[in-house]
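What the coordinates show
The residues making up each chain are set out below.
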Amino acid sequence: MKIFTEREAEEFLSKNNFDILETFFVNKEKSLEEVLKKVSYPIVMKVSGKKIIHKNIISGVKLNLEDYGSSIKAFNELMKIQSADGVLIQKQIKGKEFLLGLKKTPEFGHILSFGYGGSSVEKVADISFRSIPLNENEIIDMIKETKVGEKLNSSEINSILNVLIKLQNLANNNSDIFELDINPLILNKERAVVVDARIAWE
């Protein structure tokens, strides 16, 4: 089993035409200072490392960083986490948060998932699943089956539909994907953008 870091997963998804939130990787304070000149606040910082999978559990995500001082402090705290190779920096954007994913099963092959996303995903547990291949109407039914999907307008549904179709195509072209999680996909008026992703390969 090979696990992609968030950075590797997002690079792979970007090459496959997914919209990825611009991310900077830094592992030295001097590099951080250069990045902080380029980004606009507020920003998010996330610990990065090959052995790190669940960042929230280890306090590996720092939100709402509004200035230089708090960013330097957050960087130093994240770099002290065991197995940290560096820190990912993104502009903090607002929107509705969703979970999208793929999981390979012995019985059904690849399963597509959609539901409520963000840090409370396990607590809320509002997710639907379907085995692929699926047509557009079946994917729309899957979206609407969730409580979070029921509240979406037609434009929002179409935006998510397009991402789920890309995920289905990804599974068709990469049979060795064991598990792929996008959480969150943030949807706002401008875009449906991948903010965090993880991929495990057979």
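Residues numbered from 1 in each chain as written. Predicted model: local features only at pLDDT ≥ 70, side-chain atom pairs only at ≥ 80, totals over all residues. Heavy atoms only, no water.

A few words on unusual backbone geometry. Residue Tyr 41 is joined to Pro 42 through a cis peptide bond whose omega torsion reads 0°. With respect to the element layout, Pro 42 can be found in the loop between α2 (29-38) and β3 (43-48). Pro 133 follows Ile 132 through a cis peptide bond whose omega is 15°. Of note, Asn 17 is a non-glycine position whose phi angle comes to about 70°, a positive value. For Asn 17, the position within the fold is in the loop between α1 (6-15) and β2 (23-26). Of note, the phi angle at Ser 59 is positive, near 55°, even though the residue is not glycine. Looking at the secondary structure, you find Ser 59 in the loop between β3 and β4 (61-65). The exposure class assigned to Ser 59 is partly exposed, which follows from its relative accessible area of 49%. (Helix = DSSP H or I, 4+ residues; strand = E, 2+ residues; numbered from the N terminus. Buried < 20%, exposed > 50% of the residue type's maximum accessible area, 1.4 Å probe, protein only.)

Another point: the nonpolar core. Membership of the largest hydrophobic core comes to 37 residues, with the highest contact counts inside it found for Leu 13, Leu 167 and Ile 182. Listing elements by their share of this core, those giving two or more residues are α1, β6 (96-105), β7 (109-116), α5 (136-144), α7 (154-173), β9 (177-187), β10 (192-194) and β11 (197-201). The element best represented in this core is α7, accounting for 8 residues. Each residue touching Leu 167, except ones within four places of it in the same chain, is listed here: Phe 18, Leu 100, Gly 101, Leu 102, Leu 112, Leu 180 and Ile 182. The next biggest cluster of nonpolar side chains, apart from the first, holds 19 residues, and it includes Leu 32, Met 45, Ile 52 and Val 87. (Core = buried A, V, L, I, M, F, W, Y, C linked by side-chain atoms within 4.5 Å. Contact = heavy atoms within 4.5 Å.)

Don't take any of this as a statement about function, it's just geometry.
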